[in-house]
Amino acid sequence: CRCCAQGRRHGSILYSILRSEERALPPPGSAPRGCPCGSRRRVALRSPQVACKAASAVLVKTLRFVQNVPCFQELPLEEQLLLVRSCWAPLLLLGLAQDRVHLETVESAEPSMLQRILTARQQGERAPAPAPAPAPAPAPAPGRPHHGPHLPSAGDIQAIKGFLAKCWSLDISTKEYAYLKGTVLFNPDLPGLQCTQYIEGLQREAQQALNEHVRLIHRGDEARFAKLNVVLSLLRSINANVVAELFFRPIIGAVNMDDMLLEMLCAKL
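Reference entry: report on the structure contained in this document. Keep in mind that what you see is a predicted model, and the values were worked out from it rather than measured.

Conventions we followed
- Residues numbered from 1 in each chain as written.
- Predicted model: local features only at pLDDT ≥ 70, side-chain atom pairs only at ≥ 80, totals over all residues.
- Heavy atoms only, no water.
- Phe/Tyr/Trp six-rings, centres within 6.5 Å; stacked < 30°, edge-to-face > 60°.
- Lys NZ or Arg CZ within 6 Å of the ring centre and 35° of its normal.
- Helix = DSSP H or I, 4+ residues; strand = E, 2+ residues; numbered from the N terminus.
- Expected span 1.5 Å × (residues − 1).
- Buried < 20%, exposed > 50% of the residue type's maximum accessible area, 1.4 Å probe, protein only.
- Contact = heavy atoms within 4.5 Å.
- Salt bridge = Lys/Arg side-chain N within 4 Å of Asp/Glu carboxyl O.

**Re the packing of aromatic side chains**
Item 1. Taken as a whole and assessed by the stated rule, the structure comprises one aromatic pair.
Item 2. Stacked on the ring of F65, the Lys or Arg K181 has its end atom at 5.2 Å from the ring centre.

**With respect to helix α7 (residues 154–170)**
Item 1. For α7, built from 17 residues, the straight-helix expectation of 24 Å at 1.5 Å per residue is met to within 8% by its first-to-last C-alpha distance of 24 Å.
Item 2. Of all the positions in α7, only A154, I157, I160, F163, L164, C167, W168 and L170 are classed as buried.
Item 3. For α7, the elements touching its buried residues are β1 (43–45), α5 (77–98), β2 (105–107), α8 (174–185), α10 (224–236) and α11 (240–247).
Item 4. Immediately downstream of α7, the backbone of D171 shows phi near 50°, a positive value.

**Regarding the environment of C195**
Item 1. Here C195 shows up in the loop between α8 and α9 (196–217).
Item 2. With 116 residues separating them in the primary sequence, C195 and E79 have C-alpha atoms 7.8 Å apart.

**Here's the deal with the pattern of salt bridges**
Item 1. Using the criterion set out here, one finds three salt bridges in the structure.
Item 2. R224 serves as the salt-bridge partner of E176, at 2.9 Å between the closest nitrogen and oxygen. In this pair, E176 is assigned in helix α8 and R224 in helix α10, connecting sequence segments 48 residues apart. One exposure class covers both E176 and R224, and it is buried.
Item 3. Its salt-bridge partner being D221, residue K227 comes within 3.9 Å of it at the nearest N-O pair.

Limitation: the analysis is restricted to geometry and does not speak to function.
Here it is as structure tokens:
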């Protein structure tokens, strides 16, 4: 394909990613064991407007970063969209970690199992009256956490918070974030890709650049490269649907991320 034929016209990914990161980003400024029921509790953002605004800004910044990578620009639009659709959530989380966006959450007011049993028993003791057809539930007020079936669980939120805490504990630098983003972006294992060898080469270069940077800057920490790859493994355990529900549904409602990403990718951010 065209992208494979052009090869490395713009140089290594070391240059491409760092140049993109400089344009897109400003200067840099585990869960306890217990009852498994706790991980299934439903939670929401304490201040949805604040968190969703921060996440939206990071998403725009992230897609601007992606668009500014020359190696990415050489790919056909269909390939670009496949890559972005698959990695927007982990890229967003890396951006949230880099910008040190903290998440404050509250539990939803769902009844406990005991409350449900007692309520059902009380209702059974009363003489049942014909129930009218249920009215549709009112839409939640803007900015107020909703308690619908899509609300993320405490376990989902803990996974995201654990990822952020891991990044902050490592004090990841701007360059390291850039190489991690390059590794995530150029995923050759996606079905439907045509330029798999080219994309695989870009991912390999990103990992090599990260390894070389770590060996140069952190000579006394031989395990740092492995620790940074643990960050990538934590990302793989976080569902993109959870990220969309947490950061975008509370403000803009049901959202088709594919449509939104296509619109943003084709726009000049």
